[in-house]
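This is what each chain is made of:
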Amino acid sequence: MQEIIDKIYSIIWSDALVYLCLLAGVYFSIRFKFPQIMYLREMIRLLFKGGSSEKGISSFQAFSLAISGRVGTGNIAGVATAIGMGGPGAVFWMWIIAFLGSSSAIIEATLGQLYKEVKDGQYRGGPAYYILKGLKSKVFAWTFAIVTIISTGFLLPNVQSNSIAIAMKSAFDIPAFAVGIALIILLGFIIIGGVKRISKVAEFVVPFMAGIYILMAIIIIGMNIQQVPAVFKLIFQSAFSIDATFGGIVGAAISWGVKRGIYSNEAGQGTAPHAAAAAEVSHPIKQGLVQGFSVYVDTLFVCTATALMILFTGQYNVADPTGGFLVENLPQVEAGPEFTQYAVSQHFPGFGSAFIAIALMFFAFTTIMAYYYIAETNVSFIAKQKNRKVLIWVLRVMILGSVYMGCISSAKMAWDLGDIGVGMMAWLNLIAIILLHNKVLRLFKDYNTQLKQGIDPVYMNKDLPSGDIWNKKTSI
């Protein structure tokens, strides 16, 4: 089974996907005149503006739902894995893919809003919807929907639950099977409540846990403030083949930085548009900008905090691609959440490991909730009304089984399966948003015109069908 997984992994995550992610981000940034910088103030303003409705959730709830998908295992275990496989230089490439990927996130989230529908009394949308409506390709749309159901309903939850189980075993010596049973009971209660319950939980838990985690990181950074210049120097030198120890693995630094960066912030992967589409906003660009900001929160804040804690303390190993280790400060410890646990424990003995385990549990758990919502949205897309309830219950059983399986699987198998899921979605979604990005250019023009007139932008399109959400009086 592992040999089969390795073969599929090598095909999906070839260098071609790494370059596609980077080049798409560069192209979008230039074509849209660096919206991730020029609209930063507008992103923050929009984050706390607007309310919810019977059909949709507020911008902040949609932001929290998207962040719950982004802030998870990738921020704690993923950063550690990137350092363990690509050296400290991988952190730099995580920053780069976050900066470039923010433009991709703005585009995909805006498209999610533009082509959303009302289904089962609530807004539904995502890549399958904008592929079908924007590209007029049912085959492409169904392919994405099926791949997403497999990825978010089965492949990706493995990674989250596996990291929770490892961290709980390390901190509290709780057996993996017991962690698995507890997770499926709690998750089952929440997902049966639907998107409203999921968004309410995410709205409370994500900002609270992210805030506490970043506060812990700030305390540790403050305790090591004199080391900050040296750590940043190590990151930059390792990223550009200047450091003697890590100079030979620059290719691995780029590859693992991009992989773990996308896994963490999900920019361009196609997951965030599902949450973006659920928001009640007056213009698609508004939620696009909010989602663009969420990439910064994920990578530039949370991932950087984790990286600094690990690098300050030296609690990491770096694998040599030819065999053995370039750095082995933690013998017999695999790259993963334990790097972060050891790092925090250096400053807070007896507390650090438990803190990371609990933080990871909340981060990863809310991510699994977001995955369920995404999978359910795509089931809703492909299923007819009479079959939908049955398929949704099949999905619920599948995701609960995946969560338990992840707890008792090896870390390598869990991560490889997760990467395959991310890669399949990214290939399809990036191609779609490249083909559709001109629509977003027109939307930006409409948005900016209204801003210059001093009015709160409202999008209305007379050329859409009479039942369409955006059908009013103007056209792009």
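Along each chain, the written sequence defines residue order, and numbers are assigned to residues from 1. Where local features are concerned, this predicted model is filtered to residues with pLDDT of at least 70; where side-chain atom pairs are given and counted, the filter is 80 or more; whole-chain, interface and lining totals use all residues. Note: side-chain values were computed over all heavy atoms of the structure, leaving out hydrogens and water.

(A) A nonpolar patch on the surface, seen in detail. Excluding any residue in a salt bridge, patches collect residues exceeding 30% relative accessible area, merging like charges within 9 Å and nonpolar Val, Leu, Ile, Met, Phe, Trp and Tyr side chains within 5 Å. What sets the accessible areas is the Shrake-Rupley method with a 1.4 Å probe; for residues, cover comes only from the shown protein chains. Within this document, salt bridges are pairs made up of a side-chain nitrogen of Lys or Arg and a carboxyl oxygen of Asp or Glu, the two lying within 4 Å of each other. The grouping of Val-26, Ile-30, Phe-34, Ile-37 and Met-38 at the surface amounts to a nonpolar patch, some 480 Å² of accessible area in total. Numbered from the N terminus, helices here are DSSP runs of H or I no shorter than four residues, and strands are runs of E no shorter than two. Along the chain, Ile-37 turns up in helix α3 (residues 35–38). Its relative accessible area of 47% is what places Ile-37 among the partly exposed residues. Buried, partly exposed and exposed residues are distinguished by accessible area as a fraction of the type maximum, computed with a 1.4 Å probe on protein chains only: under 20%, between the cut-offs, and over 50%, respectively.

(B) Seen up close, the packing of helix α2 (residues 15–31) against helix α13 (residues 250–265). Helix axes use the C-alpha atoms of the stretch in contact, all axes being lines fitted to C-alpha atoms, and the angles between their N-to-C directions lie in the range 0 to 180 degrees. At a closest axis distance of 10 Å, the pairing of α2 and α13 adopts a crossing angle of 65°. Comparing their axes, α13 and α2 come out roughly perpendicular. Judged by the sense of rotation from one axis to the other, the crossing of α2 with α13 is left-handed. Of α13, the residues touching α2 (which contributes Val-18, Cys-21 and Leu-22) are Ile-254, Ser-255, Val-258 and Ile-262. A breakdown of the residues in the contact of α2 with α13 according to their chemical character gives six nonpolar, one polar and no charged. Note on terminology: angles under 35 degrees are roughly parallel, angles over 145 are roughly antiparallel, angles of 65 to 115 are roughly perpendicular, and the others are oblique. Left-handed describes a crossing whose near helix is turned anticlockwise from the far helix by less than a right angle; the clockwise case is right-handed. Contact criterion: two residues are considered in contact whenever any of their non-hydrogen atoms come within 4.5 Å of each other. When residue character is reported, Ala, Val, Leu, Ile, Met, Phe, Trp, Tyr, Cys and Pro are called nonpolar, Asp, Glu, Lys and Arg charged, and the others, Gly included, polar.

(C) Geometry of the pattern of salt bridges. Applying the stated rule across the entire model yields eight salt bridges. We note a salt bridge from Glu-117 to Lys-133, for which the minimum N-O separation is 3.4 Å. Placement of Glu-117 in strand β1 (residues 117–119) and of Lys-133 in helix α8 (residues 127–135) is noted, with a sequence separation of 16 residues between them. On the accessibility criterion, Glu-117 (25% relative accessible area) is partly exposed. The salt bridge involving Lys-286 is made with Asp-456; its shortest N-O contact spans 2.7 Å. Of this pair, Lys-286 sits in helix α15 (residues 284–313) while Asp-456 sits in the segment after α19 (411–452); the two residues are 170 residues apart in sequence, bridging distant segments of the chain. The class for Lys-286 is buried, based on a relative accessible area of 8%. When salt bridges that share partners are traced, they join Asp-6, Lys-412 and Asp-416 into one network.

(D) Structural detail: the pairing of strand β4 (residues 325–328). Looking at chain direction, strand β3 (residues 317–319) and β4 are connected through three bridges and run antiparallel. Each bridged residue has a counterpart across the sheet, and for Ala-319 the counterpart in β4 is Phe-325. Here, a strand pair is defined by DSSP locating no fewer than two bridges between the strands.

(E) Seen up close, the confidence of the model for the protein. pLDDT expresses how confident the predictor is about each individual residue, on a scale running from 0 to 100. For the protein, the mean per-residue pLDDT works out to 85, and 90% of the residues sit at or above 70. Averaged pLDDT values for the elements of the protein fall to 65 in helix α5 (residues 59–70) and rise to 94 in α8.

(F) The arrangement of the nonpolar core in detail. What is meant by a nonpolar core is a set of buried Ala, Val, Leu, Ile, Met, Phe, Trp, Tyr and Cys residues, joined one to another through side-chain atoms within 4.5 Å. Of all hydrophobic cores here, the largest spans 140 residues; its most connected members are Tyr-213, Leu-289 and Tyr-316. The biggest single contributor to this core is α19, with 16 residues. Discounting chain neighbours no more than four positions away, the residues touching Tyr-316 are Ile-83, Pro-88, Leu-234, Phe-246, Ile-310, Leu-311, Val-327, Asn-329, Leu-330 and Phe-339.

(G) Local environment of helix α1 (residues 2–12). All of the buried residues in α1 are Ile-5, Tyr-9 and Ile-12. Along α1, the residues classed as buried sweep out an arc of 70° about the axis, all on the same side. Exposed and facing more than 90 degrees away from the buried side of α1 are Glu-3, Ile-4, Lys-7 and Ile-11. Those residues of α1 that are buried lie in contact with α2, α13 and α19. To obtain the arc, one takes the directions from the helix axis to the C-beta atoms.

(H) Focus on the environment of Phe-177. Here Phe-177 is to be found in helix α10 (residues 176–191). On the accessibility criterion, Phe-177 (47% relative accessible area) is partly exposed. For the pair Phe-177 and Lys-136, spaced 41 residues apart in sequence, the C-alpha separation works out to 46 Å. Not counting the four nearest positions on each side in its chain, Phe-177 is found in contact with Tyr-404 and Ile-408.

(I) Representation of the packing of helix α6 (residues 73–86) against α15. Relative orientation of the contacting elements α6 and α15 amounts to 55°, with a least axis distance of 9 Å. Classified by the angle their axes make, α6 and α15 are oblique. Judged by the twist between their axes, the crossing of α6 over α15 is right-handed. Contacts between α6 and α15 involve Gly-74, Asn-75, Ile-76, Val-79, Ala-80 and Ile-83 on the former and, on the latter, Asp-298, Val-302, Cys-303, Thr-306, Ala-307, Ile-310 and Leu-311. Among the residues making up the contact of α6 with α15, the classes are represented as nine nonpolar, three polar and one charged.

(J) Summary view of unusual backbone geometry. The phi dihedral of Phe-34 is positive, around 50°, even though this residue is not glycine. Structurally, Phe-34 is set in the loop between α2 and α3. Using a relative accessible area of 34% as the deciding quantity, one classes Phe-34 as partly exposed. Phi is positive for Gln-332, which is not a glycine, with a value near 70°. Position of Gln-332 relative to the elements: it lies in the loop between β4 and α16 (337–347).

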